[in-house]
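Coordinate inspection notes
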Amino acid sequence: MSCGDHHDTPCDEVLARVYTYLDGELDQGGCGEVRQHLDECGPCLREYGLEEAVKKLVNKSCGCEPAPEDLRTKVLGRIEQICGEIKTTGGERTETETETA
């Protein structure tokens, strides 16, 4: 995804690190780059908001139990697959892709 504007840190790079950012696993420099980008980029800020909401919902639903490793691997794989589809199609998904997501 790219909003079309120039940023010091590209949109794709920020969105690839958004879960790491949400988990507090980025160093100070990485956090600063992500925060600065989100301050400048409305589309990425909206995507961040969606990711944050999903993370909170999963956390609320799962409580303190860690997700099984195979589930985590499957979810992350599906997220990467969808991100790849979005990159190759310019963000448009077919009706079939939307139904299976």
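It should be emphasised that the depicted structure is a prediction, and the values quoted were computed from it without experimental measurement. (Residues numbered from 1 in each chain as written. Predicted model: local features only at pLDDT ≥ 70, side-chain atom pairs only at ≥ 80, totals over all residues. Heavy atoms only, no water.)

Let's shift gears to the nonpolar core. If you look at the biggest cluster of nonpolar residues, it comprises twelve residues: Cys11, Val14, Leu15, Val18, Tyr21, Leu26, Cys31, Val34, Leu38, Cys41, Cys44 and Tyr48. The contacts of Val18, once residues within four sequence positions are left out, are Tyr48 and Glu51. (Core = buried A, V, L, I, M, F, W, Y, C linked by side-chain atoms within 4.5 Å. Buried < 20%, exposed > 50% of the residue type's maximum accessible area, 1.4 Å probe, protein only. Contact = heavy atoms within 4.5 Å.)

What follows concerns the confidence of the model for the protein. Mean pLDDT over the protein works out to 76, with 77% of the residues at or above the 70 mark. The secondary structure element of the protein with the lowest average pLDDT is helix H6 (residues 95-100), at 50, and the one with the highest is helix H3 (residues 28-40), at 86. Segment residues 93-98: pLDDT under 50, and seven contacts once partners within four positions in sequence are set aside and those in other chains are kept. (pLDDT = per-residue confidence, 0-100. Helix = DSSP H or I, 4+ residues; strand = E, 2+ residues; numbered from the N terminus.)

Another aspect to go through is the environment of Lys56. Residue placement: Lys56 occurs in helix H4 (residues 42-62). Between the C-alpha atoms of Lys56 and Leu22, which are 34 residues apart in sequence, the distance is 10.0 Å.

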